[in-house]
Amino acid sequence: MTVKELCAVLDLATKSLAAVTTELRVEMKDVPKAADLLILRNLCMTMEGVNSDDAVLNEAISETLDLKRELLKDVTAPRVLPVDSLWDPQGPEEYPEKLAEVRAKETENGDAHALRQIVLAGLKGIASFAMDAYQIGYEDEGIDPFLQRVLQRTLKFTLSVGLLFNLSMEVGGFGYRAMGLLDNARIERYGSPKITNIELGVRSHPGILVCGTDLRALECLLDQAKGSGVDVYTHDDLMSAHCYPNLIGIDHFAGNYGGSMATQEQDFASFNGPIVITGGALRAPADSYKDRIYTTGVAGFSGVPHLAADKDGVTDFSAVIEQAKTCAPPAELRRGEVVTGFGHEQLYSMGEMLTGAIEDNSIAKLVTILGADGTEESRSYLTRLVEQLPKNATVLAAGPAKFRFNDQYLGTLRGMPRTMDIGAVSDTYSFCMAALKLQADLGKYDINGVPISYVISLGDEPALTAMLTLIYIGAKNLVLLPDYPDFMTDGIINVFEKNFNLRLAKTPEEDVEAFFAKKPVSADGPLDPNMLIVDILEKYPDAAQVLMNCGMSCVTCGAALYESLAEACMVHGLDPEDVKEVLDHELGLVED
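Rules used in this analysis
- Residues numbered from 1 in each chain as written.
- Predicted model: local features only at pLDDT ≥ 70, side-chain atom pairs only at ≥ 80, totals over all residues.
- Heavy atoms only, no water.
- Helix = DSSP H or I, 4+ residues; strand = E, 2+ residues; numbered from the N terminus.
- Rg over C-alpha atoms; globule rule 2.2 N^0.38 Å.
- Buried < 20%, exposed > 50% of the residue type's maximum accessible area, 1.4 Å probe, protein only.
- Phe/Tyr/Trp six-rings, centres within 6.5 Å; stacked < 30°, edge-to-face > 60°.
- Pairing = 2+ DSSP bridges.
- Contact = heavy atoms within 4.5 Å.
- Axes fitted to C-alpha atoms, helices over the stretch in contact; angles between N-to-C directions.
- Parallel < 35°, antiparallel > 145°, perpendicular 65-115°, else oblique.
- Left-handed = near helix turned anticlockwise from the far one by under 90°.
- Nonpolar A, V, L, I, M, F, W, Y, C, P; charged D, E, K, R; others polar.
- Arc of directions from axis to C-beta.
- Polar contact = N/O pair within 3.5 Å; in protein donor to acceptor, adjacent residues only side chain to side chain.

Before going further, it helps to examine the overall build of the protein chain. A tally of regular secondary structure across the protein chain gives 21 helices and 18 strands. For 592 residues, the compact-globule estimate of 2.2 N^0.38 gives 25 Å, and the C-alpha radius of gyration of the protein chain, at 25 Å, lies within 12% of that figure. Each principal axis of the C-alpha atoms in the protein chain carries an extent, and together these give about 75 × 65 × 40 Å. Each of the 592 residues in the protein chain was classed as buried or not, and the buried ones make up 58%.

What follows is the structure, given as structure tokens:
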């Protein structure tokens, strides 16, 4: 079987185990911590390109099925379990037939299949955030039951598109929760991120390059490499490690080398020293550097040495350090510096400057670019997009997508840099926190009152989780780059377009123009708060969704026939002027 097929079988085994653990919780029985950790690990291992080791995947499948068989003995009512969770193969020769059977069920309804895959990808993103937090000693007892409950539901192939859509919204909420957990874990252990200048050049010593998201593995390596004469560099999303106070100032902690995992072939070949993969999509290593690749944690590749952590979470990097000593220093790819560390605490401290600049239109738009560094088409799009932005636009970035433009100097605006690197994809949480505070500081009813446009690259599962999290906090006007997953159907993209104003990217020039375009103002003028709800809905059908978003369920009840907008707001404990302002702007009755 191919690696992709083995990952699909492991996904099925993991869902089956989750169905059993969920039923055990329903029956008020204990679920062993080992099961929770196994499910977390499996979800991370089957993310795109993270683990391509056939032997490891086969072993994980067997381990998962064995644990499911053991726990199934404690289930009082196995008849309530999804039928596919009871699959009990006697060997790998039975995998292909079952995989074909499940695929036929999954793909019977294309839109339902798309949402099921969106949910699964979102869960994998949550698992990756939770696993990184767990590595440094933090966990949230509510995340495991949620992951397992939703995994179990994805085995029910009769679920409607509506129910699956609601599940995807739940995933966004738990994405926010998992990213918050990881944010707190990192701050507690490494300090609150600070604005930091990061070296892009190289030093004269041999080096070790660390890729992925695992700060605990990086911490272990830095500790063990002390005094060895070997420098440690970061790559991809680990660039954000340089802004944590407890890691700043370590002599042998050099800068960031190369770009993202999308450019790994060039970066790894030029680095000359060992490369440690803690996550991310590792492609088949070229012969020129395959003997310098090591994996840790959930990452793996056939024929590449894997370094496992001990019971205390410590990984032994002595072999990596010894090999590094025999290697030439890295070849220079870039030089200069970039700035990172615009986490929520830093953005909070800039609150008055930001709100002042938005209020006087010095900042007309905050263009937020999130996600993975995708295909060549997406990469060139982002470079050109940033080049096209007018001088009253500020860019906020989280994730490897920033490597397409983070070496462009856009200057400053009202004393603030026009490009602010928030950090890794998981630091979308910092953006959410800062955006919600801006909403409050500006006195806006919802987050869309803040002039923010979103550009998202869905090149991996954490990026999809980040998108669902943005939707969870109420964000609309999302622009999706063309490298979105191929399981997303036109029908589902239309659903997201209708509900959240999500649209596909056009050209950078067209999209920049759209970001700054003013809505045409209706000749009707602002709403009269004394209008009856029923009259508002008859004249402006789109008002129904706006009112529902404001928490006014009266649009679906008989009260809409005789209550005015002002009266309905008072019933729901809302300020009529606040709701009127939202309606006026959303319906295009006043200028933005």
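Before going further, it helps to examine the packing of aromatic side chains. Counting across every chain of the model gives 13 aromatic pairs. Judged by centre distance (6.3 Å) and plane angle (75°), the ring pair of Tyr233 and Tyr257 falls under edge-to-face. Here the residue Tyr233 occupies a position in strand β4 (residues 231-234), and Tyr257 occupies one in the loop between β5 (253-256) and α9 (264-271), the gap between them amounting to 24 residues. Tyr257 carries the same exposure label as Tyr233, and that label is buried. Centroid distance Tyr257 to Phe271: 5.1 Å. Interplanar angle 75°. Geometry classified as edge-to-face. With Tyr257 in the loop between β5 and α9 and Phe271 in helix α9, this pair connects stretches of sequence that are 14 residues apart. We classify Tyr257 as buried; its relative accessible area is 1%. Three or more aromatic residues joined by ring pairs form one cluster here, namely Phe165, Phe496 and Phe500.

With that settled, the discussion passes to the sheet that holds β5. Overall, parallel pairing links the six strands, which are arranged β5-β4-β3-β6-β7-β9 in an open sheet. Edge strands, defined here as strands with exactly one partner in the open sheet, are β5 and β9 (306-307). Together, β3 (207-211), β4, β5 and β7 (293-296) form the strand contacts of helix α8 (residues 215-224), whose direction differs from that of β4 by roughly 160°.

At a closest axis distance of 10 Å, the pairing of helix α14 (residues 428-441) and helix α15 (residues 461-472) adopts a crossing angle of 15°. Considering their axes alone, α14 and α15 lie roughly parallel with respect to each other. Viewed along their axes, α14 and α15 form a crossing whose handedness is right-handed. Packed against α14, whose contacting residues are Thr428, Phe431 and Cys432, the element α15 presents Ala466, Thr469 and Leu470 at the interface. Taken together, the residues that form the contact of α14 with α15 break down as four nonpolar, two polar and no charged.

A separate point is the environment of Leu354. In this structure, Leu354 sits in helix α12 (residues 351-359). Residue Leu354 is classed as buried on the basis of its relative accessible area of 7%. In this structure, the C-alpha to C-alpha distance between Leu354 and Arg414, residues 60 residues apart in sequence, is 8.8 Å. Leu354 has contacts with Leu347, Ile363, Met416, Met420 and Leu438, leaving out every residue within four places of it along the chain.

Next up on the list: the sheet that holds strand β16 (residues 452-457). Reading across from one edge, β15-β12-β11-β16-β17-β18 is the order of the six strands in this open sheet, with parallel pairing throughout. Looking at which strands have only one partner, the edges of the open sheet turn out to be β15 (419-423) and β18 (503-504). The pairing of strand β11 (residues 365-371) with β16 spans six bridges and is parallel. Counted as the bridge partner of Thr368 is Tyr454 from β16. Docked against the sheet, α15 engages β11, β16 and β17 (478-480), running at close to 155° with respect to β16.

What follows covers unusual backbone geometry. Generally, phi is negative for residues other than glycine and the peptide bonds are trans, each holding for most cases. Even without glycine at this site, Asn361 takes up a positive phi of about 70°. Examined against the element boundaries, Asn361 turns out to sit in the loop between α12 and β11. The class for Asn361 is partly exposed, based on a relative accessible area of 48%. At Asn501, a residue that is not glycine, the phi angle is positive and equals roughly 55°. Note on placement: Asn501 falls in the loop between α16 (490-500) and β18.

So, about helix α17 (residues 508-516). An α-helical turn contains 3.6 residues, so any two residues separated by three or four positions project in the same direction. Listing the buried residues of α17 in full gives Pro508, Asp511, Val512 and Phe515. End-on, the buried residues of α17 take up no more than an arc of 100°, which puts them together on one face. Contacts from the buried residues of α17 go to β11, α13 (376-388), β16, β17 and β18.

Here we come to the side chain of Arg404. Positionally, Arg404 belongs in the loop between β12 (393-398) and β13 (412-413). A polar contact is formed between the side chain of Arg404 and the side chain of Asp373, at a distance of 3.2 Å. The residues touching Arg404, leaving out its near neighbours within four places in the chain, are Thr263, Asp373, Arg379, Leu382 and Thr383.

All right, on to the pairing of β3 then. The two faces of the sheet receive side chains in turn, since in a regular strand these alternate between them. For β3, the buried fraction is high: five of the five residues fall into the buried class. Covered by surrounding structure in β3 are Gly207, Leu209 and Cys211 together with Ile208 and Val210, the residues of both alternating faces. Two elements, β3 and β4, share four bridges in a ladder whose sense is parallel. Within the sheet, the bridge partner assigned to Ile208 lies in β4 and is Val232.

The set of residues buried in α9 consists of Gln264, Asp267, Phe268, Ser270 and Phe271. Those residues of α9 hidden inside the fold are in contact with β3, β4, β6 (275-277) and β7. Backbone geometry just downstream of α9 places Asn272 in the positive-phi region, at approximately 80°.

Examined against the element boundaries, Thr315 turns out to sit in the loop between β9 and α10 (318-325). The buried category is assigned to Thr315, whose relative accessible area is 5%. Once residues within four sequence positions are removed from consideration, Thr315 is found in contact with Cys220, Gln224, Thr296, Leu307, Ala308 and Ala309.

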